[in-house]
Amino acid sequence: MGGPIAVGGGFGSLLLVGLYLLLGGDPGALGGGGGGQQPQQEPGQNQHSGQGYGDTESEYANCTWDDANESDGCRIVGTAQSLDEIWSDILPEQAGIEYTKPGLRIFEQATQTGCGAASSQTGPFYCPQDETAYFDTSFFSMLKQMGGSAAPLSQEYVVAHEFGHHIQDLEGTLGMSNYDDPGPDSNAVKIELQADCYAGVWASRADKGDNPRLEPVTEEQVATAMKTAGAIGDDHIQESQQGYVNPESFTHGTSEQRQKMFMAGYQNGTMGACDILERGAYNS
C-alpha cells in the first residue's frame, strides 16, 4: 500500500495548529459532540456499532497510503487506521478496556449526525450518540487563514484529538464534560486537555515499529509545533478576538496547558500520563 504518511510541509510537524479550530468551532454547539451534553438520538439515526468505517464517503473507500500523501480525505482515513492499530493495543493493555472502532464520516458543507445537524462551520467533532467522528476537509484549507498550517501532521492531529474523545467515550468519562459550565478548572477543559494528551500518545507511536504509518518526526518539528501551539489556547484566542482574557469562559485550556498535555502524551506514550481526571485507572 505504499510508504508511510508524510510529515513535512509548512509548519508540518506536530499537529496542534488544528486546535485553533477546535477552539473556534465548539462541538458543544451540537449539544453533544466533543464531550458536551448528549441529546436524544434523532429518529432514523442508527448508533454506530464500532465495526468499521461504513460511514466513510464512498470516494475514500479505496484509499491507499500513497493517496494519503496527496488527498486530505485519504489522509483522514489513513490516520484513522493508524489510530485503530495503536489504540487496539494500548487501551486493553493500559486501561483494561476493549477497543472498538468509531464511525468515520467525511462530509462536505453539511451533514446530519446523531447529535443533530452540523456544517463545516462546526469544525471536526466526535458525536457520542452515534460513536462517529466527523470531518469536513474544507476545514483544513481554513487553517492557514487562522494562522496555522494545513500540513499533513497538523491534519492528522485533528483526527487523533477526535479519536481521543472516542477513547473517553469507551472509558465512560466523556459525558463529564459540560460546555455550559466552563472555567479554568472545569471538566470541559479537562476532557479537552486529555484528548490532546491522547493525541500525543498516538503521535509517540505512529512513526515507530515494523510498519510505521508516519515518517519519523524530528525534534525540530516538535519544537516548531510547540511554538505554534502557543497561538491556539483559550487565553491567546480570547486576547486576539476580544482584547482581554476571561478564564471563567475557558472550555479547552490555555496555550501552556495544551502544549504541556500533548507533550506529556508524546514523551511518555502512556495513558497514565494523561490522567488529568485523577482516576488512577491505568496500568501505566
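Before going into details, it helps to say that this report is about the structure given with it. Treat the numbers as computed from the prediction; the structure is a model and nothing was measured. (Residues numbered from 1 in each chain as written. Predicted model: local features only at pLDDT ≥ 70, side-chain atom pairs only at ≥ 80, totals over all residues. Heavy atoms only, no water.)

### Observations concerning the packing of aromatic side chains
Working step 1: Taken as a whole and assessed by the stated rule, the structure comprises three aromatic pairs.
Working step 2: Considering the side-chain rings of W87 and Y198, the 5.4 Å spacing of their centres and the 70 degrees angle between planes classify their relative orientation as edge-to-face. With W87 in helix α3 (residues 72–95) and Y198 in helix α6 (residues 187–206), the pair connects residues that are 111 residues apart, well separated along the chain. The burial state of W87 is the same as that of Y198; both residues are buried.
Working step 3: When the centroid spacing of 6.1 Å and the interplanar angle of 10 degrees are considered together, the rings of F262 and Y266 count as stacked. Highlighted residues: F262 and Y266, both in helix α9 (residues 255–268), separated by four residues, approximately one helical turn. Each member of the pair, F262 as well as Y266, is classed as buried. (Phe/Tyr/Trp six-rings, centres within 6.5 Å; stacked < 30°, edge-to-face > 60°. Helix = DSSP H or I, 4+ residues; strand = E, 2+ residues; numbered from the N terminus. Buried < 20%, exposed > 50% of the residue type's maximum accessible area, 1.4 Å probe, protein only.)

### Side note on the sheet that holds strand β1 (residues 103–107)
Adjacent strands of a sheet pair through backbone hydrogen bonds, lying either parallel or antiparallel.
Working step 1: Spatial strand order, β1-β5-β4: three strands in an open sheet with mixed pairing. Across the chains shown, the open sheet's two edge strands, defined by having one partner strand only, are β1 and β4 (125–127). The sheet shows a mean angle of 25 degrees between the axes of neighbouring strands, taken without regard to direction.
Working step 2: The pairing of β1 with strand β5 (residues 132–136) spans five bridges and is classified as parallel. Bridging from a neighbouring strand, F107 pairs with D136 of β5.
Working step 3: Set on the sheet, α3 makes contact with β1 and β5; between it and β1 the angle comes to about 170 degrees. (Pairing = 2+ DSSP bridges. Axes fitted to C-alpha atoms, helices over the stretch in contact; angles between N-to-C directions. Contact = heavy atoms within 4.5 Å.)

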